[in-house]
Amino acid sequence: MSPRPFTVSALAVIALAGFVATAPAPSMAQMEGVSPTLQNLPMSKTEKLAAVGDDEAQYVVGLAYEFGSNGKTKSALEAAQWYRKAAQQGNLDAQFRLARLVQVGGGGVRQNYETAAKLFEAAARQNHLESQYWIAFLYETGQGVKADLDQAIKRYRTSADAGYAASQNNLGLLYLNGKGVQKDLASAFALFEKASRQDYAFAMNNLGGMYEMGWGTTADKAKAIELYTRAAERGNQLAVDNLRRLGAPAPAAKEATGSPPVPAVAPAPKPAATME
């Protein structure tokens, strides 16, 4: 699935979180809802529990197939089948993963934005934060639903207020650009800062851009470089490009930890002096 092009004319170092083309291994965030006992259980026993209808075990088996872990060959179709079984029993994490597979498509799973939107919406109504983020993104981009910026802002705000970093980042971008809300650099800065405190790399890059340009804060090139460096260490290519543009050394990327798999889309970084 190709990322959505997005242009921030005022500052190309600021980026919009969007779709990921390839999925990382299951993260701690994806395993948060799984009991410690099941996390430490051999896959053979987990599969037996899944076969007799344990929704949590079905979710874990789905993760193993989706990411090709725990001795399983990667298979989106097998993962979708296990996620569906768990989702039918009310497992929201499984419903979310099923929605993501349908959203992306491939591996025997037919891409269907409308179905993905319905799954995200149903989980979001039960306060599933990742689903709340994705339905907001779909409302913003008009994928699977009619574009509705008011709904996007509402959903981003709900999950941002609950502490979801990707939503804080995207809501910050809306404030930065005055998209659907009154342009407010102070609010954008505060939202990027909150997401950065959670080690969300794209927000770190964006916060670095705010410091570089002196938007919502006093201009501080050293602080900008510090934030770009932290984002680059977490694999953010935009931050690497920004460091090179400023003549600062780019560090080797470290393994990402805990961030939602939502990379950014932006034009080639370059400085800009004014906002349009």
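Since the structure is predicted, the reported quantities are computational estimates derived from the model, not experimental observations.

### Topic: the overall build of the protein
Scanning the protein from terminus to terminus reveals 14 helices and 2 strands. Pairs at least 24 apart in sequence give 55% of the contacts found in the protein among residues at least 6 apart. Approximately 12,500 Å² of the protein is accessible, and the part contributed by carbon and sulfur atoms is 50%.

### A few points about the confidence of the model for the protein
Parts of the model with low pLDDT should not have their predicted coordinates read in detail. Averaged over all residues, the pLDDT of the protein equals 84, while 81% of them reach at least 70. The low-confidence segment residues 15-25, where pLDDT is below 50, has 47 contacts with residues more than four positions distant or belonging to other chains. Between residues 256-276, whose pLDDT stays under 50, and residues either more than four places distant or in other chains, the model counts 65 contacts.

### Some details on the environment of lysine 223
Mapped onto the secondary structure, lysine 223 falls in helix α13 (residues 221-233). Residue lysine 223 is classed as partly exposed on the basis of its relative accessible area of 26%. Taking the C-alpha atoms as reference points, lysine 223 and glycine 208, separated by 15 residues in sequence, lie 7.0 Å from one another.

### With respect to the pattern of salt bridges
Summed over the entire model, instances satisfying the criterion amount to 11 salt bridges. Among the ionic pairs, arginine 97 bridges to glutamate 66, the shortest N-O distance being 2.5 Å. Of this pair, arginine 97 sits in helix α6 (residues 92-104) while glutamate 66 sits in helix α4 (residues 55-67), placing them 31 residues apart in sequence. Both residues of the pair, arginine 97 and glutamate 66, belong to the buried class.

### Topic: the packing of aromatic side chains
By the definition in use, this model includes 10 aromatic pairs. Taking the centre distance of 5.9 Å and the plane angle of 45° together, the rings of phenylalanine 96 and phenylalanine 120 count as tilted. Residue phenylalanine 96 is located in helix α6, and its partner phenylalanine 120 is located in helix α7 (residues 113-124); the two are separated by 24 residues in the primary sequence. The burial state of phenylalanine 96 is the same as that of phenylalanine 120; both residues are buried. Where tyrosine 200 meets phenylalanine 202, the ring centres are 5.9 Å apart and the plane angle is 65°; that geometry is what we call edge-to-face. Phenylalanine 202 sits in the buried class, given a relative accessible area of 14%. Feature note: the residues Phe96, Phe120, Tyr133, Trp134, Phe137, Tyr156 and Tyr164 constitute an aromatic cluster, connected by ring pairs.

### Notes on the packing of helix α8 (residues 129-141) against helix α10 (residues 165-177)
Between α8 and α10, the least distance of the axes is 10 Å, while the angle of their chain directions is 30°. In terms of their interaxial angle, α8 and α10 are classed as roughly parallel. For the pair α8 and α10, the crossing hand works out as left-handed. Together, Tyr133, Phe137 and Glu140 of α8 and Ala166, Ser167, Asn170 and Leu174 of α10 make up the contact between the two elements.

Rules used throughout
Residues numbered from 1 in each chain as written. Predicted model: local features only at pLDDT ≥ 70, side-chain atom pairs only at ≥ 80, totals over all residues. Heavy atoms only, no water. Helix = DSSP H or I, 4+ residues; strand = E, 2+ residues; numbered from the N terminus. Contact = heavy atoms within 4.5 Å. Areas by Shrake-Rupley, 256 points an atom, 1.4 Å probe, with all protein chains shown as cover. pLDDT = per-residue confidence, 0-100. Buried < 20%, exposed > 50% of the residue type's maximum accessible area, 1.4 Å probe, protein only. Salt bridge = Lys/Arg side-chain N within 4 Å of Asp/Glu carboxyl O. Phe/Tyr/Trp six-rings, centres within 6.5 Å; stacked < 30°, edge-to-face > 60°. Axes fitted to C-alpha atoms, helices over the stretch in contact; angles between N-to-C directions. Parallel < 35°, antiparallel > 145°, perpendicular 65-115°, else oblique. Left-handed = near helix turned anticlockwise from the far one by under 90°.

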